[in-house]
Amino acid sequence: MTVTHKSRMLILGSGPAGLTAAIYAARAGLKPIVVQGMQPGGQLTITTDVENYPGFRDTIQGPWLMEEMQAQAEHVGARMEWDQIVEVDFSRRPFVLKGDGGTVYEGDTLVIATGAQAKWLNLPSEEHLKGRGVSACATCDGFFYRGKKVVVIGGGNTAVEEALYMTNHSDDVILIHRRDKLRSEKILQERLFAHPNIRVMWNRSVGTFVAGGEPEKLVALDLVDENGAPAERIEVDGAFVAIGHAPATELFRGHLELDSDGYIAVEPGTTRTSVPGVFACGDVMDKIYRQAVTAAGTGCMSALDAEKFLAEADFEAAHHEPVREAAVG
Ligand code: NDP
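Structural notes, computed from the coordinates. All values derive from a computational prediction rather than experimental measurement.

Comments concerning the site of the ligand
- Close contacts around the ligand come from 17 residues, with T158, E161, R179, R183 and D261 the closest.
- Taking R178, its side chain carries an N or O atom lying 2.9 Å from an oxygen atom of the ligand.
- Here an oxygen atom of the ligand sits 2.7 Å away from a polar atom, N or O, in the side chain of R183.
- About the coverage of the ligand: the protein hides 76% of its 910 Å² of free accessible area.
- For the shell around the ligand, a count of residues per class yields three nonpolar, seven polar and seven charged.

Concerning helix α2 (residues 62–75)
- For α2, spanning 14 residues, the distance from its first C-alpha to its last is 20 Å, which sits close to the expected 20 Å at 1.5 Å a residue.
- Buried residues belonging to α2 abut α1 (16–27), β3 (49–50), β4 (60–61) and β5 (79–81).
- Looking one or two places after α2, you find G77, whose phi comes out positive at around 115 degrees.

Section: the packing of aromatic side chains
- The tally for this structure, following the rule as stated, stands at seven aromatic pairs.
- Seen from their ring centres, F279 and F309 are 6.1 Å apart, and the 75 degrees between their planes marks the pair as edge-to-face. One end of the pair, F279, is in strand β19 (residues 278–280); the other, F309, is in helix α7 (residues 292–319), with 30 residues separating them in the sequence.
- For F279, a relative accessible area of 1% translates into the label buried.

Digging into the sheet that holds strand β16 (residues 232–235)
- Strand order across the open sheet formed by three strands is β14-β15-β16, with antiparallel pairing between neighbours. Taken across any chain shown, the strands that pair with only one partner, and hence form the sheet edges, are β14 (204–212) and β16. Along the sheet, successive strands turn relative to each other by an average axial angle of 30 degrees, direction set aside.
- Of the strand pairs in this sheet, strand β15 (residues 217–225) and β16 are connected by four bridges, and their pairing is antiparallel. When the bridges of β16 are listed, L223 appears paired with E232.

Some points on helix α6 (residues 186–194)
- Restricting attention to buried positions, one finds in α6 the residues L188, Q189 and L192. Within α6, the buried residues cover an arc of 100 degrees as seen down the axis, which keeps them to one side. The exposed set on the far side of α6, more than 90 degrees from its buried face, consists of K186, I187, E190 and A194.
- Residues of α6 that are buried make contact with α5 (157–166), β12 (172–176) and β13 (198–201).

Section: the sheet that holds β13
- The parallel open sheet is built from five strands, whose spatial order is β10-β17-β11-β12-β13. Looking along the sheet, the strands with just one partner apiece sit at the ends: β10 (134–135) and β13.
- Across two bridges, the pairing between β10 and strand β17 (residues 238–241) is parallel. When the sheet's bridge partners are listed, V134 is paired in β17 with A239.
- On the sheet, α5 packs against β11 (149–153), β12, β13 and β17 and is oriented at approximately 165 degrees with respect to β11.

So, a positive patch on the surface
- The grouping of R178, R179, K181 and R183 at the surface amounts to a positive patch.
- Within the secondary structure, R183 sits in the loop between β12 and α6.

Looking at the side chain of D83
- Mapped onto the elements of the fold, D83 is located in the loop between β5 and β6 (85–89).
- Polar side-chain contacts of D83 include one of 2.7 Å to the side chain of Y105.

Brief notes about the packing of α1 against α7
- For the pair α1 and α7, interaxial distance at closest approach is 7 Å and the crossing angle is 40 degrees. Classed by the angle they form, the pair α1 and α7 counts as oblique. Crossing hand, α1 versus α7: right-handed. Between α1 and α7, the residues in contact are P16, A17, T20, A21, Y24 and A25 and A292, A295, A296, G299, C300, A303 and L304, respectively.
- Considered class by class, the residues forming the contact of α1 with α7 number 11 nonpolar, two polar and no charged.

Examining the pairing of β6
- Sheet analysis places β6 next to strand β7 (residues 95–99), joined by four bridges and oriented antiparallel. Note on β7: the bridge partner recorded for I85 is G99.
- Linkage of β6 to β7, two consecutive antiparallel strands, is achieved through a turn of five residues.

Reading the values: rules and limits
Residues numbered from 1 in each chain as written. Predicted model: local features only at pLDDT ≥ 70, side-chain atom pairs only at ≥ 80, totals over all residues. Heavy atoms only, no water. Near = heavy atom within 4 Å. Polar contact = N/O pair within 3.5 Å; in protein donor to acceptor, adjacent residues only side chain to side chain. Areas by Shrake-Rupley, 256 points an atom, 1.4 Å probe, with all protein chains shown as cover. Nonpolar A, V, L, I, M, F, W, Y, C, P; charged D, E, K, R; others polar. Helix = DSSP H or I, 4+ residues; strand = E, 2+ residues; numbered from the N terminus. Expected span 1.5 Å × (residues − 1). Contact = heavy atoms within 4.5 Å. Phe/Tyr/Trp six-rings, centres within 6.5 Å; stacked < 30°, edge-to-face > 60°. Buried < 20%, exposed > 50% of the residue type's maximum accessible area, 1.4 Å probe, protein only. Pairing = 2+ DSSP bridges. Axes fitted to C-alpha atoms, helices over the stretch in contact; angles between N-to-C directions. Arc of directions from axis to C-beta. Patch = residues over 30% accessible without salt bridge, like charges linked within 9 Å, V, L, I, M, F, W, Y side chains within 5 Å. Salt bridge = Lys/Arg side-chain N within 4 Å of Asp/Glu carboxyl O. Lys, Arg positive; Asp, Glu negative; His and termini not counted. Charge placed at Lys NZ, Arg CZ, Asp CG, Glu CD. Parallel < 35°, antiparallel > 145°, perpendicular 65-115°, else oblique. Left-handed = near helix turned anticlockwise from the far one by under 90°.

Structure (structure tokens):
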């Protein structure tokens, strides 16, 4: 028998965006259902120390923060469902979504908070040293490399911004790029080239992240020269992989407007998508800020936007009853 869950507000994703939307929606009496997805808690569950989420003087742990957010959402009345949505139908009202086990979810509104994943180089040595010198977020982890030698890998806006950001902590920053040209904006490039504490190593790729010490951590990189020069080893304390992010939007392709990078397009200053009643928040629509606190902020916006949408729809329904034809005769 098919199980059907109905809600005035369905929320996909359970990172800071989805859970904040759930807290606001539940407190507005909308009894939201949160479909948690493959990685309940989102990207923060794979980070460790968090020192930039406001409200905590001491360092907190990412997984703990997400457990607390979920507990708060449940406490105020949100319901969690563990499922993976594999099909959406936005042509009907309510919207219909299907989970991979066949469960059906119906929502008068939908908040999409499916997030994004940092892209990695996919080297075994990278996997081995993640969280021990190898990171994909300088804003999150840069502080731990105060006074250390670090590299940033990539040539886009993210890489250049992360290299510039790292100069707040380190006076020895190297940008490693696989080509001889950056693709980042000109103004960022100018700031990068003008900075006395940043060097660029062109036409290089990382062959291996080298582990050493006890306990084991990143100590060096083996670099491959793209023009065929002999490989070289450089000693480093930290490496930030900044080769782009992939928003989790495959499910919505063809159903919602996406931008040229695959992020969900929203009306500026709102979380409204191209389909009325569908809202997007967090990293799935934000390629610039990508912080837990900004995701939580747009999650709040989504719940408020969706609540307003429902109130207007209810008002319409109550005040615009179909006019009955007067009986003739
Ligand atoms: P981009 O896709 O723009 O850049 C990725 C970079 O990583 C490229 O230089 C690419 O090299 C390199 N790269 C990709 N794969 C590999 C690999 N396997 N090995 C080595 N290098 C690799 O990603 P960004 O995250 O920088 O930006 C994504 C979007 O977000 C862009 O539209 C950007 O403008 C936007 N953005 C805007 C910001 C702002 O406005 N402040 C801040 C951050 C992002 P190659 O050049 O050779 O392809």
